[in-house]
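Close look at the chain arrangement
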Amino acid sequence: MRLRFRFLAALTGVAVAAPVLPAAAFQSCPTSADQTAYDILTLRTQMILLATKCGRDQDYNKNFVIRFQPTLQANEREVLAYFRKIYGGAGQGRKDTFSTELVNVMSAEANMQGGEFCPRANMIINEMNALRSAEELASYAAVKDLAPVGVSMCPETVARAPARRAPRKR
């Protein structure tokens, strides 16, 4: 009975957390470049969770961050550029908010997996170690499909603010 209660409580937590995500963030990205940026972002988030929840800090730092540092830094710039393209001056804040919410949702999913999460993490770490180059990272991230169901950084419809024009001088 207690296990059932914990499961329902965790499920409720995910249901409550999901509406916190940007309302329009439930469809895949319109371009493959944007989708690749999101796939790598979700892989980065998953690796952070593996390090913190499973005590795999060394694997995270040595075999992921250091090994793929240029790719991860480029991904951070690509994700920020995407949010700035969509939200203009509010892009940095929207990116930071989305990244935090993504970690929270993925962490809740990890908590629901309970004791199965870390053994699965070991498989991901082993697969990461088998990658031969940074070029394989994007393909790997796409195949793993780590994004939570119903979550994407790409809004269904992009309601862009009209471009501001400089006031005319008379």
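Residues numbered from 1 in each chain as written. Predicted model: local features only at pLDDT ≥ 70, side-chain atom pairs only at ≥ 80, totals over all residues. Heavy atoms only, no water.

Compared with an ideal rise of 1.5 Å per residue, which puts 19 residues at 27 Å, helix α4 (residues 69–87) spans 27 Å between its outermost C-alpha atoms and is within 8% of the ideal. Listed as buried for α4 are L72, A74, N75, V79, L80, Y82, F83 and I86. Tucked into the core, α4 has its buried residues touching α2 (32–54), α3 (57–66), α5 (91–113) and α7 (135–144). Where α4 terminates, the next one or two residues include G88, which has phi positive at roughly 60°. (Helix = DSSP H or I, 4+ residues; strand = E, 2+ residues; numbered from the N terminus. Expected span 1.5 Å × (residues − 1). Buried < 20%, exposed > 50% of the residue type's maximum accessible area, 1.4 Å probe, protein only. Contact = heavy atoms within 4.5 Å.)

So, about the nonpolar core. The biggest cluster of nonpolar side chains holds 38 residues, and the ones touching the most others in it are Y38, L43, M47, F64, M128 and M153. Mapped onto this core, the elements with two or more residues apiece are α2, α3, α4, α5, α6 (117–130) and α7. At ten residues, α2 tops the list of elements feeding residues into this core. (Core = buried A, V, L, I, M, F, W, Y, C linked by side-chain atoms within 4.5 Å.)

Quick look at the environment of L102 now. Examined against the element boundaries, L102 turns out to sit in helix α5. Each C-alpha atom of the pair L102 and M153 lies 9.1 Å from the other, and the pair is 51 residues apart in sequence.

What follows is about the side chain of Q46. Tracing the backbone shows Q46 in helix α2. Residue Q46 is classed as buried on the basis of its relative accessible area of 9%.

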